[in-house]
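Results of the structural survey
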Amino acid sequence: MNFKPLGECVLVERSEEDTKTASGIIIPDNAKEKPLFGIVKSLSDKVSKEGVLKEGDKVAFVKYGGTEIKLDNNKEYLILKLEDILGVIA
Amino acid sequence: MNFKPLGECVLVERSEEDTKTASGIIIPDNAKEKPLFGIVKSLSDKVSKEGVLKEGDKVAFVKYGGTEIKLDNNKEYLILKLEDILGVIA
Amino acid sequence: MNFKPLGECVLVERSEEDTKTASGIIIPDNAKEKPLFGIVKSLSDKVSKEGVLKEGDKVAFVKYGGTEIKLDNNKEYLILKLEDILGVIA
Amino acid sequence: MNFKPLGECVLVERSEEDTKTASGIIIPDNAKEKPLFGIVKSLSDKVSKEGVLKEGDKVAFVKYGGTEIKLDNNKEYLILKLEDILGVIA
Amino acid sequence: MNFKPLGECVLVERSEEDTKTASGIIIPDNAKEKPLFGIVKSLSDKVSKEGVLKEGDKVAFVKYGGTEIKLDNNKEYLILKLEDILGVIA
Amino acid sequence: MNFKPLGECVLVERSEEDTKTASGIIIPDNAKEKPLFGIVKSLSDKVSKEGVLKEGDKVAFVKYGGTEIKLDNNKEYLILKLEDILGVIA
Amino acid sequence: MNFKPLGECVLVERSEEDTKTASGIIIPDNAKEKPLFGIVKSLSDKVSKEGVLKEGDKVAFVKYGGTEIKLDNNKEYLILKLEDILGVIA
């Protein structure tokens, strides 16, 4: 991966099923947030040292958060803060 | 459980009686919050180390909080922050 | 008591005189808050260690705060944060 | 005094001249707060240890702050946070 | 001085020229705050220990801040937080 | 570079493609922020010591942030806080 | 200079070109802040000890910040917090 996150950042590739359905603002039926899913592609040194995530992990993260970035393979990624990642799916 | 929470997160399965009644926003008669109940299914390492909760605990938690997640057994769970959990029912 | 508070929480049984009069939002004549009263039923380990409260203490607490909980003896209790408790009445 | 404040709290008996004039919201002519006065009746252990106040001190405190409490001698007192007390009058 | 400030407080006697002109809310022509001036009359022990101010210093302070207090010589003073004092005029 | 940033600041020269498209407020189709890109020209000593950035790095940064500055070569630069920089592009 | 700043304060003399153009609220074309410039005239002891600024430095600072002060040579100065100063121009 040609992108090295800084600070608390983690680069994530969103799972395809999410990309299709997440194009609008959806008010969930029960007024609770539903997370999105993705694969960790790259971590900042600081996040790496915490030892809770590694490249390739499938993660669930909060819906409204992150910055989208198009890298030079012209694919969309998401830069998330570690605190926006809720957990790892085994 | 195939979900490992990160940070301050705890995975909880909501008790059935709550699922039925909690589908709308309810203004309680006396303007105080009423908690919901559930069973702890999985904890982050950080929460585990604090030693105040373990898998299988029945907990009361604040009503408006948490992120709903459907895991691959297609069952709904709730990801809560430890601070949203008020106590353990013996 | 079959409820063990977590974190900064304290389980309190409200005094009866308060239950009767506290059913609405009351704007006090002089725009100052008036506290409510109750008996401490159970404390988190963290609050216990601070050594400022014990079970059976009669306490005054801020009016707008806390989460109501009905435990399995079907009686209403209040879960308060320690910081919402103003003092102990001897 | 039969009331033991907790945390940052101080129990104060308001001076009579203040009780008469403080019954409404007063916008001071020059848009600056004017303090109220009272006598310290009881302190939390934490405030006592700071050594800046003792029972019997006459204090000036910020106008909009504190919780009124009627103790069993049926007299009104004010529970203030230490930070709401501006100084001691010699 | 018969007033001993607590915490971060400093007792200041406003300079006369300010008292005359500061009776209303003035929007400065260039939308920047202009400070007021006064003489330090008394400091809390905590402020004294910081060693940056002493009684008699002429200070500039932010306009909107402080609590007015009339002490028993019936003169008006201002209780300011140390952080509201911008500097000392030599 | 004749500008030495202070505190958490980093001086960045925006990439040309961004300068063209970033002249208005753009609401991205999917309500997520898209970063801008640039080249690091100068860092504060504090940022240098953190060792995560160096002059010449190509960085992605959050869109709404920073202060524009025209230096004496009459070229526009952007002063960013380190926390506004999301990562380095290799 | 007859003014000694306290705390995080720095006394700055605004550059003349800025004084002329900064008399109104200007919405910059690209919705980014543009800094103003000036010369450091005096620093608090605390800011001096940080060793990042000295008297005579030409600095860029954020536009909306600071308190204007007219000192006894009847000249206008600006009291800024160190955090409002973006960098030093060589």
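In this text the structure is predicted, and so the values were computed from the model without any measurement.

Overview of the overall build of chain A
- In terms of regular secondary structure, chain A is built from two helices and seven strands.
- For chain A, the sequential pattern of α-helices and β-strands runs β-β-α-β-α-β-β-β-β.
- Residues counted as buried form 49% of the 90 residues belonging to chain A.
- Within chain A, contacts between residues at least 6 apart in sequence are counted, and of these 66% link residues at least 24 apart.
- With the model as given, the accessible surface of chain A reaches about 4600 Å², and the carbon-plus-sulfur share is 52%.

Digging into the interface of chain C and chain B
- Of the residues lining the interface, 19 residues belong to chain C; the matching set on chain B comes to 18 residues.
- Of the roughly 1400 Å² buried between chain C and chain B, counting both surfaces, carbon and sulfur atoms make up 58%.
- The largest share of the area that chain C buries against chain B comes from C:Leu6, C:Thr67 and C:Glu68, three residues that together contribute 42% of it.
- At the surface where chain C touches chain B, the tally comes to zero salt bridges.
- Applying the counting rule to chain C against chain B returns three residue pairs in polar contact (both at pLDDT 80 or more).
- Of all the secondary structure elements, the ones that give two or more residues to the side of chain C that touches chain B are strand 1 (3–5), strand 2 (9–14), strand 5 (67–70) and strand 6 (76–81) of chain C.
- With four residues, strand 6 of chain C is the single largest residue contributor to the side of chain C that touches chain B.
- Among the residues forming the side of chain C that touches chain B, the class breakdown is eight nonpolar, five polar and six charged.

Brief notes about the state of the cysteines
- Throughout the structure, instances matching the rule amount to zero disulfides over all chains.
- D:Cys9 provides the cysteine sulfur closest to E:Cys9, a residue in no disulfide bond, and the two sulfurs are 18 Å apart.

What to know about the interface of chain F and chain A
- Taken together, the contacts link 18 residues of chain F with 20 residues of chain A.
- Here chain F packs against chain A, burying approximately 1400 Å² in sum over the two surfaces, 59% of which is carbon and sulfur.
- At the surface where chain F touches chain A, the tally comes to three residue pairs in polar contact (both at pLDDT 80 or more).
- Residue contributions to the side of chain F that touches chain A peak at five residues, all from strand 7 (residues 85–89) of chain F.
- Of the residues in the side of chain F that touches chain A, the class split is eleven nonpolar, two polar and five charged.
- Judged from the three bridges that link them, strand 1 (residues 3–5) of chain A and strand 7 of chain F form a sheet pairing that is antiparallel. Looking at the pairing, A:Pro5 lines up with F:Gly87 of strand 7 of chain F.

Notes on the packing of aromatic side chains
- Evaluation of the coordinates by the stated rule reveals zero aromatic pairs over all chains.
- Over the ring of B:Phe37 we find B:Lys58, and its NZ or CZ is 5.4 Å from the ring centre.

Topic: the sheet that holds strand 6 (residues 76–81) of chain F
- Judged by pairing direction, the sheet is antiparallel, and its seven strands sit side by side in the order 1(A)-7(F)-4(F)-3(F)-2(F)-6(F)-5(F) without closing on themselves. Here the strands that pair on one side only, and so sit at the sheet edges, are strand 1 of chain A together with strand 5 (67–70) of chain F. Adjacent strand axes in the sheet meet at a mean angle of 40 degrees, parallel and antiparallel pairs treated alike.

Some points on the pattern of salt bridges
All names here are of chain D.
- What the rule picks out here adds up to 35 salt bridges over all chains.
- Notably, a salt bridge pairs Glu 13 with Lys 75, separated by 3.5 Å at the nearest N-O pair. Note that Glu 13 is positioned in strand 2 (residues 9–14) and Lys 75 in the loop between strand 5 (67–70) and strand 6 (76–81), a separation of 62 residues in sequence.

Concerning the sheet that holds strand 4 (residues 58–61) of chain A
- Pairing is antiparallel across the open sheet formed by seven strands, whose spatial order is 5(A)-6(A)-2(A)-3(A)-4(A)-7(A)-1(B). Either end of the sheet is taken by a strand with one partner, and the two such strands are strand 5 (67–70) of chain A together with strand 1 (3–5) of chain B. Strand-to-strand twist across the sheet, computed as the mean angle between neighbouring axes with direction ignored, equals 40 degrees.
- The sheet contact formed by strand 4 of chain A and strand 7 (residues 85–89) of chain A spans four bridges and is antiparallel. Its bridge partner being in strand 7 of chain A, A:Val59 is matched across the sheet by A:Val88.

Things to note about the pairing of strand 5 (residues 67–70) of chain G
Residues and elements named next belong to chain G.
- One ladder, built from four bridges, connects strand 5 with strand 6 (residues 76–81); its direction is antiparallel. Within strand 6, the position partnered with Ile 69 by the bridge is Tyr 77.
- Between strand 5 and strand 6, which follow one another and run antiparallel, lie five residues, and Asn 74 among them has a positive phi close to 60 degrees.

A short note on the pairing of strand 6 of chain C
- Bridging between strand 2 of chain C and strand 6 of chain C involves four bridges; their strand directions are antiparallel. When the bridges of strand 6 of chain C are listed, C:Val10 appears paired with C:Leu80.

Points about the environment of A:Arg14
- Considering the arrangement of structural elements, one finds A:Arg14 in strand 2 (residues 9–14).
- On a C-alpha basis, the gap between A:Arg14 and A:Ile89 in space is 14 Å, while along the polypeptide they are 75 residues apart.

Topic: the environment of F:Leu11
- Examined against the element boundaries, F:Leu11 turns out to sit in strand 2 (residues 9–14).
- Along the chain, F:Leu11 and F:Leu86 lie 75 residues apart, while their C-alpha atoms are 15 Å from each other.

As for the confidence of the model for chain A
- Considering every residue of chain A, the mean pLDDT works out to 84; 81% of them sit at 70 or more.
- Listed scores for the predicted complex are pTM 0.82 and ipTM 0.80.

Conventions adopted
Residues numbered from 1 in each chain as written. Chains lettered and ligands numbered in written order. Predicted model: local features only at pLDDT ≥ 70, side-chain atom pairs only at ≥ 80, totals over all residues. Heavy atoms only, no water. Helix = DSSP H or I, 4+ residues; strand = E, 2+ residues; numbered from the N terminus. Buried < 20%, exposed > 50% of the residue type's maximum accessible area, 1.4 Å probe, protein only. Contact = heavy atoms within 4.5 Å. Areas by Shrake-Rupley, 256 points an atom, 1.4 Å probe, with all protein chains shown as cover. Buried area = accessible area lost by both parts, 1.4 Å probe. Salt bridge = Lys/Arg side-chain N within 4 Å of Asp/Glu carboxyl O. Polar contact = N/O pair within 3.5 Å; in protein donor to acceptor, adjacent residues only side chain to side chain. Nonpolar A, V, L, I, M, F, W, Y, C, P; charged D, E, K, R; others polar. Disulfide = S-S within 2.5 Å. Pairing = 2+ DSSP bridges. Phe/Tyr/Trp six-rings, centres within 6.5 Å; stacked < 30°, edge-to-face > 60°. Lys NZ or Arg CZ within 6 Å of the ring centre and 35° of its normal. Axes fitted to C-alpha atoms, helices over the stretch in contact; angles between N-to-C directions. pLDDT = per-residue confidence, 0-100.

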